[in-house]
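Observations on the model geometry
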Amino acid sequence: MSLPLDRAALLPAALVFAAWPGIATAHVKWFAPYIVDAAPAPIARTLADPWFWTGLVLVLAFFLATRLVERRPAGEQALAAMDRASAPLWNGIDGFLRIVIAGFFVAIFSVGGVYLTPDLATPSEWVSWMQLLIAVGVIWRRTMPLSAAGIIGLWLLALRDYDLFHLLDYLALGVAVAAYLVLAASDRPDWRAKRFAVLRWGVAIALMWSSLEKFAYPEWFHPLVEEKPFLTFGIARDAFIPMAGVAEFTLGFGLLWTPLVRRLSALALLVIFITAVYPFGRIDLIGHALIMAIIVVIFADPGRDLHVLPRLRGALAGVPAGLGAAMVLFVAGYWGLHAGFYGADARTMAELQAERATHSFSAEHPHGPPAMNARPQAGTEAAATGEDLAGAYAASMAGMHEAMMTGIAHPDPDVAFVLGMIPHHQGAIDMALIQLEAGGDAEILDLARHILAEQQREVDQMEDWLRMRGVELPES
């Protein structure tokens, strides 16, 4: 497609695209185990990181360059070109959103056993059927508020298995989609006019909030970066992760700024999410479908309004001032709320991970609730009581051997293989937990975390296979 853009208008786009690698790890949460109540790294560590400041300077340069272009005829030409490109979609944007929302809930129903996202597992089968009803309710305008109530209800229900701080990751986006359904169904024009604004704010807040994990828990992202090194485009891991956090936060912030800034930010985010589908698979597409649809809406929106703080947004000085204020607000909220929920003296990730397997470590449900797939860890208990490492390893291997011999005695060869492999994998998990408690080498600790995640993912897969065939699971 040939668009009549002034060459100067390409500068901000080029700077946005240069930031693509920096946000790719936004998708890590589908695939990496993590413990929410572990103590976050002190924010002073991030403030002392030169890569954090490097990323921030690059993003500020992009925003300022975009604002300079936006003040000139080239900026209006760029926006007009985007208007023409997106006009066919914008004319039917409500239908597009309703189709995506309904399709998302049908997909979640098909996945089964999750609340609102593939990230949050639930043992309640009826939850899946409720999500199918939510999808059906989106079809008719009069029933859209009922679907909105269902979304809020499922979020509140998830509090039964997950604590509130954990669910804050999903609060802004879930509420935003529910609010859109209510506003879009309203007969009041002033209410309907706000339906896209709530979506924009919802996804922006969600991105800015989740980006802070890369500063609070950089170790969550180590296994994924090492397993998929192409994500970093050759950038060193410890440089890539803080710059990724900066890129995710600032692109989320950009969705709330001036028309050209928010549309270019949306375009960059959209391409990032789309290109992540292939390496991360269909579950990533399902999990991020609503975010991607909202980003499409933001890009297609031809509005030139500023809504909140127009004077601040219109001034060049408003860019660093607004971004700085947003960072202070979100950092204070994240670290402050974490301390409020778990205490200022919360234990470190390594301490908690060695004590218990808090989450399911499944490729589809990495967060699972604390009790869902947790098992007594023989090796960990041995190490914790002061026995030497050899004794701890021996204890874990003895339990593994006995369970394997029992499992492989099953008359069905397929079942025998699975019943034998589950304790075999559990033995590797126990050894990894012992290493996380007693080890000191950073490389081996990372390897232990990787083994823990991969072996548990395969255990979950084998247990699901047994359940589908009505085979009793081996005792933990």
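Here the structure is shown first, and the text comes after it.
Residues numbered from 1 in each chain as written. Predicted model: local features only at pLDDT ≥ 70, side-chain atom pairs only at ≥ 80, totals over all residues. Heavy atoms only, no water.

1. Some points on the overall build of the protein chain
From N to C terminus, the protein chain includes 23 helices and zero strands. Put simply, of all contacts in the protein chain between residues at least 6 apart along the chain, 77% involve residues at least 24 apart. For the protein chain, the accessible surface area stands at approximately 20,900 Å², while carbon and sulfur atoms represent 67% of it. (Helix = DSSP H or I, 4+ residues; strand = E, 2+ residues; numbered from the N terminus. Contact = heavy atoms within 4.5 Å. Areas by Shrake-Rupley, 256 points an atom, 1.4 Å probe, with all protein chains shown as cover.)

2. Quick word on helix α4 (residues 73–90)
Between its first and last C-alpha atoms α4 spans 24 Å; for 18 residues at 1.5 Å apiece the expected length is 26 Å, and the two agree. When the local axis directions of α4 are compared, the greatest deviation, roughly 35°, occurs at R84, which is followed within four positions by the proline P88. Buried-residue contacts for α4 involve α3 (50–70), α14 (259–280) and α16 (289–300). (Expected span 1.5 Å × (residues − 1). Bend = angle between axes of the 7 residues up to and from the residue.)

3. Here we look at the packing of helix α5 (residues 93–111) against helix α10 (residues 195–211)
The interhelical angle for the contact between α5 and α10, taken along N-to-C directions, is 50°, at an axis separation of 12 Å. Between α5 and α10, the angle is such that the two are oblique. As α5 packs across α10, the resulting crossing turns out to be left-handed. Contacts between α5 and α10 pair I93, D94 and L97 from the former with R195, F196 and L199 from the latter. (Axes fitted to C-alpha atoms, helices over the stretch in contact; angles between N-to-C directions. Parallel < 35°, antiparallel > 145°, perpendicular 65-115°, else oblique. Left-handed = near helix turned anticlockwise from the far one by under 90°.)

4. Observations regarding the pattern of salt bridges
For the structure on display, the rule yields 14 salt bridges. R237 is paired through a salt bridge with D238; the nearest N and O atoms lie 3.2 Å apart. Accessibility expressed as a relative area gives 24% for R237, which makes it partly exposed. Measuring nitrogen to oxygen at the nearest pair gives 3.7 Å for the salt bridge that ties E463 to R467. Placement of both E463 and R467 in helix α23 (residues 442–468) is noted, with a separation of four residues, approximately one turn of the helix. A residue is classified by how much of its surface remains accessible, and E463, at 7% relative accessible area, is buried. (Salt bridge = Lys/Arg side-chain N within 4 Å of Asp/Glu carboxyl O. Buried < 20%, exposed > 50% of the residue type's maximum accessible area, 1.4 Å probe, protein only.)

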